[in-house]
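Reading the structure
Chain by chain, the residues:
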Amino acid sequence: SQYSAVDTNPLSVYIMQPIWNKVIKIVPLWIAPNLLTFSGFIMILINYFLISFYDWDYTASGSSPGLVPTWVWLFSAFTTFCAYALDSIDGKHARRTQSSTPLGELFDHGLDSWATSIFVLSFFSVCSRDNGKTGVSVYTMYIYLSIVLFNFMCSHWEKYITGVLFLPWGYDISQVVLIAAYLLTGAVGVEVWQKPFLFGYYITDALVILLIGFSFFLSFPQTLYNIHRAHLKKTLKNDPLYEGLLPLVSPLLLFLLLTVWVVLSPGNILAKQPRLFLWMVGVAFSNVICKVIICQMSSTQPELFHWFLFPLALVVYAAISGMLGWTEEVVLAVFTALVTAAHVHYGVCVGRQLSEHLNIYIFSLKKRIRE
């Protein structure tokens, strides 16, 4: 299917795109677009693990503000900007080298679906978790992450139905806000997040309110409006209601199961292991959405229940029924490792299959020689 995307965000159209058009000229023509995409993702990962090293349980900023060195925040700003730049130029570079392929599209959106949660999880270290005086509660973190992922899901659900990806406005704005937040933290220190900023509200409160407002009053209505417009024009790819709603079943069930675990966990798993739990949420979500992206690209129907939901349901049942007892954290750690390994394995397999099918290399512009 021909890839089509529409970007109407003024920040993107008038400010960022002209910058990317200059940046792209520096990139040598022999570099494969997927290499740009992947490099950006690796930078996000390095940054995430670096912050995790200094602040495993999201308390550093709140309890002892000097714990995370200033250079880490500046490095975060740098890696976020680089990842944003690479993600914005990979498509341009593919058109410039005439190497646009379905593999590139899947690679880009598939990694984005994972990167989305990692951006959010890195940012939580800036706010720190609630220590009674300042910070954000782990439940707020979970809701915040869920809303961001919900937005991501909506734009791909919309593409599944309409065949066009309307790039969400939130993307460019969130990247610019993230970079600014890291630079501010590097310049002033994490204290800036711990002091009330307006009428007794903290900057983090403002960001949470902005995000929720953005999602429910701009992003989601825009999705529904675009689908409605396509319906009137009779240009929908998946028109029957059942087919249209099918891709939403697994993500919503995933969210339901995870929320049940968070709320009913006897050992209060989210408060004990927020980093592990939220990472697992991001990976599980990414895997479910990748299936939707593949179905949308290949015009096939997604299955009703993603296979992930079955082992997850078992683990959640064992946890909330008290069966796991003190091993709940151990089981979460093992489950998180397995989910992550399964997701990486899935990505590698799909990448290899597509590269063989399309007769191209993933990270090189050289053509494969058919055996």
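For the structure itself, consult the block above.
We now turn to the structure provided with this report. Every value quoted in this text rests on a predicted model; they were computed, and no experiment measured them.

1. Side note on helix 6 (residues 138–162)
- Its 25 residues place the ends of helix 6 36 Å apart at the C-alpha level, agreeing with the 36 Å of an ideal helix rising 1.5 Å per residue.
- Counting buried positions along helix 6 gives 21 out of 25 residues, so the element sits mostly inside the fold.
- Backbone geometry just downstream of helix 6 places G163 in the positive-phi region, at approximately 85 degrees.

2. Here's the deal with the pattern of salt bridges
- Considering all chains together, one arrives at one salt bridge under this definition.
- Salt-bridge contacts for E105 lead to K159; the nearest nitrogen and oxygen are separated by 2.9 Å. Here the residue E105 occupies a position in helix 5 (residues 102–127), and K159 occupies one in helix 6, the gap between them amounting to 54 residues. In this pair, the class of E105 matches that of K159, namely buried.

3. A look at the nonpolar core
- One finds F123, W261 and F277 to be the most contacted residues of the largest nonpolar core, which totals 105 residues.
- The element contributing the most residues to this core is helix 12 (residues 274–298), with 15 residues.
- Residues within four places of W261 in sequence aside, it is in contact with I269, F277, M280, L312, V315, V316, A319, I320, E328 and L332.

4. Describing the packing of helix 5 against helix 12
- As a packed pair, helix 5 and helix 12 sit with axes 9 Å apart at the nearest point and diverge in direction by 160 degrees. Of the possible angle classes, the one that applies to helix 5 and helix 12 is roughly antiparallel. As helix 5 runs across helix 12, the sense of the crossing is right-handed.
- For the contact of helix 5 with helix 12, the residue count by class is 15 nonpolar, eight polar and two charged.

5. Here's the deal with unusual backbone geometry
- Positive phi, close to 50 degrees, is recorded for S299, a residue that is not glycine.
- On the secondary structure map, S299 appears in the loop between helix 12 and helix 13 (309–320).
- Note on S299: relative accessible area 53%, which makes it exposed.
- The phi torsion at N359 lies on the positive side, around 60 degrees, for a residue other than glycine.
- Counting through the fold element by element, N359 comes out in the segment after helix 14 (328–357).

Reading guide: rules and limits
- Residues numbered from 1 in each chain as written.
- Predicted model: local features only at pLDDT ≥ 70, side-chain atom pairs only at ≥ 80, totals over all residues.
- Heavy atoms only, no water.
- Helix = DSSP H or I, 4+ residues; strand = E, 2+ residues; numbered from the N terminus.
- Expected span 1.5 Å × (residues − 1).
- Buried < 20%, exposed > 50% of the residue type's maximum accessible area, 1.4 Å probe, protein only.
- Salt bridge = Lys/Arg side-chain N within 4 Å of Asp/Glu carboxyl O.
- Core = buried A, V, L, I, M, F, W, Y, C linked by side-chain atoms within 4.5 Å.
- Contact = heavy atoms within 4.5 Å.
- Axes fitted to C-alpha atoms, helices over the stretch in contact; angles between N-to-C directions.
- Parallel < 35°, antiparallel > 145°, perpendicular 65-115°, else oblique.
- Left-handed = near helix turned anticlockwise from the far one by under 90°.
- Nonpolar A, V, L, I, M, F, W, Y, C, P; charged D, E, K, R; others polar.

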